[in-house]
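Observations on chain architecture
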Amino acid sequence: TSTNAIDKRSKQTIVVATIRMGFGHHRLAYSACSWALSQGYTTIFHDLINIESEEASLIHSVDALYSKFSRLATELGGVVEKLWGKAMKQGDADALRVAAMFANHLQPILGAYPKDIPMICTHQICALVASACGFTNVVNLVVDNYPQWFLVVPKTLNCVQGPVNYQSYIRYGVDPKAMKLAGHWCPQDMIANLDKDSKRRLANLSLGQDKKQPLRLVIPVGGAGAQKTFIVGLIKALKGMLEDGKVQVFLNAGDHTHMKAAFRECLASTEIDHVEVNDIKGVHEFASNLLEKDPKSSANLKPVTLFAFEDYFPAVASTDILCRCSDVLVCKPSELAFYPIPKLHIRRVGDHEADSARRACETGDGSMEAREVKDALHVMQLMVESPDLLQSMNEGVMKNNSIGMYNGCKNAVSLAVKGTM
């Protein structure tokens, strides 16, 4: 019955298939859904891991291993980090074959849809499953700025965010007809308000030091729950700026209990004044107060606002919501490296992420990777003490937007439904 219902409105229905493996792939799926919904399409958000089944349990076990090793690599550093970083760059043709064999076992949790339904996949495993099932209209959103064979999928339209990946995959031998340079994967709300938000940031930078509002930093934790030591160290290093009112931190611990506990302990031991927000309603109210009410409402904020959740959805979505009311996104160079907001990139988790920071730096909307806390603090001091760096990044964001660089998910929806961008 459900299949027949979908058939009757197949042109108005889009399936966005994803896997909750880290936050990045879900973030892409939310972005794709935001564009599809804004254009009036019936949108099905399909998370393969969220279906109670043996297949979903198989995916979950792989995700658990990935998260565990990511945390170990960032906490132990040294040889362990080096080996894990190198492992993240081994996605060759053999890795694609292994991934395809793995995906073949997952067909039961995706195969019920009509085979010609428009489908956007935000994880290559989803695209491989769709290909194995025989779907004929699949758009695969390729992540990162470091080309790897196992990220592109046969019998799909592979869309990339930048020209390095586009040219590299064609040189690898991928059919140009199976490739599209679509743009960055960004949510609709951020793009719709981009110029307004950028101009507000620039206006604050133009004020004298005595009139300027504190620089608002949103610092999210990744889906693997890594980077605990680095972020705790950064918060301690920022204590002076926090107490002097030069910066305010929106710290998103996600749904990681160990990160929430570590951040609470850090804030207590440093005696940094803070408040907590624990649900998505509170996130929306917090952002709305800063965006729509008194522009000086920063004066009423605590130096740190800690966001911590029990559920997965607000853990991911809150970063997107908070970006709009923030001045700088402080993050590892994950998929957030492609977001339309000035960025301070901190220590990566996996060597493949280094190229995403480089991409942001070259497009003018983000910093190079700061590998140590002292390096991150130095960049932050430059941002606080002089308007030049952030002014350049905000202008870069607006320039990039004017040429459609951030319209990747908008274009993906168009390609899935109409076959053109």
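Here, the structure is the one placed above.
Reference entry: report on the structure contained in this document. Note that the structure is a prediction, hence the values are computed from the model and not measured. (Residues numbered from 1 in each chain as written. Predicted model: local features only at pLDDT ≥ 70, side-chain atom pairs only at ≥ 80, totals over all residues. Heavy atoms only, no water.)

Remarks on the overall build of the chain
The test is simple: By definition, any uninterrupted DSSP run of H or I lasting at least four residues is a helix, any uninterrupted run of E lasting at least two residues is a strand, and each is numbered from the N terminus. Radius of gyration: over C-alpha atoms. The globule rule applied is 2.2 Å multiplied by the number of residues raised to the 0.38 power. The rule is simple: take the accessible area with a 1.4 Å probe, protein chains only, and divide by the maximum for that residue type; under 20% is buried, over 50% is exposed, in between is partly exposed. Here a residue-residue contact requires only that any non-hydrogen atoms of the pair lie within 4.5 Å. Here the accessible surface of atoms and residues is derived via Shrake-Rupley with a 1.4 Å probe, and residues count as covered only by protein chains that are part of the display. Positive: Lys, Arg. Negative: Asp, Glu. His and the chain ends are not part of the count. Just so you know, the charge point we use is NZ for Lys, CZ for Arg, CG for Asp and CD for Glu.
Helices and strands together make up the secondary structure of the chain, namely 18 helices and 12 strands. Against the compact-globule benchmark of 22 Å for 421 residues, the chain has a radius of gyration of 21 Å, which places it among compact chains. With the C-alpha coordinates of the chain rotated into their principal frame, the extents come out at 60 × 45 × 40 Å. In the chain, which comprises 421 residues, the proportion classed as buried is 57%. Contacts spanning at least 24 positions in sequence make up 68% of the contacts within the chain whose residues lie at least 6 apart. Carbon and sulfur atoms provide 53% of the accessible area of the chain, an area that totals close to 17700 Å². Computing the positive centroid from 45 side-chain charges and the negative centroid from 44, the chain places the two 4 Å apart.

A few points about the pattern of salt bridges
Heads up, the condition is: The working definition used for a salt bridge is a side-chain nitrogen of Lys or Arg within 4 Å of a carboxyl oxygen of Asp or Glu.
Following the criterion strictly, the structure yields 18 salt bridges and no others. One salt bridge in this structure joins E243 and K239, with 3.8 Å as the shortest N-O distance. Highlighted residues: E243 and K239, both in helix α11 (residues 239-243), separated by four residues, approximately one helical turn. Judged by relative accessible area, E243 falls into the exposed class, the value being 54%. Here E353 makes a salt bridge to K332, at a shortest N to O gap of 2.5 Å. With E353 in the loop between β12 (343-345) and α15 (354-363) and K332 in the loop between β11 (328-331) and β12, the pair connects residues that are 21 residues apart, well separated along the chain.

Some thoughts on the layout of surface pockets
Stated precisely, the cut-off is as follows: Cavity: a set of points on a 1 Å grid over the protein atoms alone where a 1.4 Å probe fits but cannot get out. Pocket: an open set with protein on both sides within 12 Å along at least five of seven lines, its lining residues, like those of a cavity, having an atom within 4 Å of a point. Grid points are joined across faces, edges and corners, and a volume is the space filled by probe spheres set on the points. Residue type decides the class: Asp, Glu, Lys and Arg count as charged, Ala, Val, Leu, Ile, Met, Phe, Trp, Tyr, Cys and Pro as nonpolar, and the leftover types, Gly among them, as polar.
Volume-wise, the second largest pocket comes out at about 450 Å³. Ranked by the residues each element gives to the lining of the second largest pocket, the list is headed by helix α13 (residues 280-292), at six residues. Partitioning the lining of the second largest pocket into residue classes produces 11 nonpolar, five polar and four charged.

A word on the environment of I346
Summarising the element assignment, I346 is placed in the loop between β12 and α15. Relative accessible area serves as the criterion here: at 1%, I346 is assigned to the buried category. When sequence neighbours within four positions are dropped, the list of residues in contact with I346 reads Q227, F230, I231, V330, C331, K332, P333, E369, A370 and A376.

Concerning the state of the cysteines
Applied cut-off: The disulfide criterion is simple: two cysteine sulfur atoms within 2.5 Å.
In the structure shown here, the tally under the stated rule is zero disulfides. No disulfide involves C121; its sulfur sits 5.5 Å from that of C126, the nearest cysteine. C409 provides the cysteine sulfur closest to C186, a residue in no disulfide bond, and the two sulfurs are 7.2 Å apart. We classify C186 as buried; its relative accessible area is 0%.

So, the sheet that holds strand β7 (residues 215-220)
Picture the strands of a sheet paired through backbone hydrogen bonds; they go either parallel or antiparallel. What counts, and what does not: Here, strands pair whenever DSSP counts at least two bridges between them. Inter-axis angles, ranging from 0 to 180 degrees, are taken between N-to-C directions of lines fitted to C-alpha atoms, where helices are fitted over the stretch in contact.
The strand order across the open sheet formed by six strands is β9-β10-β8-β7-β11-β12, and the pairing between neighbours is parallel. Of all strands in the sheet, those with a lone pairing partner are β9 (274-277) and β12, marking the two edges. Pairwise comparison of adjacent strand axes, ignoring direction, gives a mean angle of 20° for this sheet. Sitting on the sheet, helix α16 (residues 373-385) touches β7, β8 (247-254), β11 and β12, and the angle it makes with β12 is about 160°.

Points about the sheet that holds strand β3 (residues 119-121)
Spatial ordering of the open sheet is given by β2-β1-β3-β4-β5-β6, a layout of six strands whose pairing is parallel. Edge positions in the sheet fall to β2 (42-47) and β6 (179-181), since each has one partner strand and no second. Neighbour to neighbour, the strand axes of the sheet diverge by 25° on average, direction disregarded. As paired elements, β3 and strand β4 (residues 138-141) share three bridges and run parallel to each other. Of the residues in β4, the one forming a bridge with M119 is V138.

Overview of the nonpolar core
What counts, and what does not: Among the buried residues, those of types Ala, Val, Leu, Ile, Met, Phe, Trp, Tyr and Cys that are joined through side-chain atoms within 4.5 Å form a nonpolar core.
Counting residues in hydrophobic clusters, the biggest one holds 59 residues, and the most contacted among them are I120 and L141. The greatest single-element share of this core, amounting to seven residues, is contributed by helix α2 (residues 24-38). Every residue in contact with I120, bar those within four places of it in the chain, is listed here: I14, V15, V16, A17, A32, V139, L141, A412, V413 and A416. Core analysis: the second largest hydrophobic core is formed by 39 residues, I231, L242, A370 and L377 among them.

A closer look at the pairing of strand β5 (residues 157-160)
Where burial is concerned, the two faces of β5 agree: the one with L157 and C159 and the one with N158 and V160 are both buried. Direction of pairing for β4 relative to β5: parallel, over a ladder of three bridges. Note on β5: the bridge partner recorded for N140 is N158. Where β5 lies against β6, three bridges are found, and the strand directions are parallel. Its bridge partner being in β6, V160 is matched across the sheet by L181.

Observations concerning α2
The cut-off we apply is this: One less than the residue count of a helix, multiplied by 1.5 Å, gives the span that helix is expected to have.
Taking 1.5 Å of rise per residue, the 15 residues of α2 would be expected to cover 21 Å, and the 21 Å separating its terminal C-alpha atoms lies within 8% of that figure. Along α2, 11 of the 15 residues are buried, which leaves the element largely enclosed by surrounding structure. Listed as buried for α2 are H25, H26, R27, L28, A29, Y30, S31, A32, C33, W35 and A36. Positive phi shows up at G40, right after α2, with a value of about 85°.

Regarding unusual backbone geometry
Even without a glycine there, the phi angle at D144 is positive, about 70°. The topology assignment puts D144 in the loop between β4 and β5. Positioned with a positive phi, E271 is a non-glycine residue whose angle comes to about 55°.

Distances and angles like these do not, on their own, reveal function.
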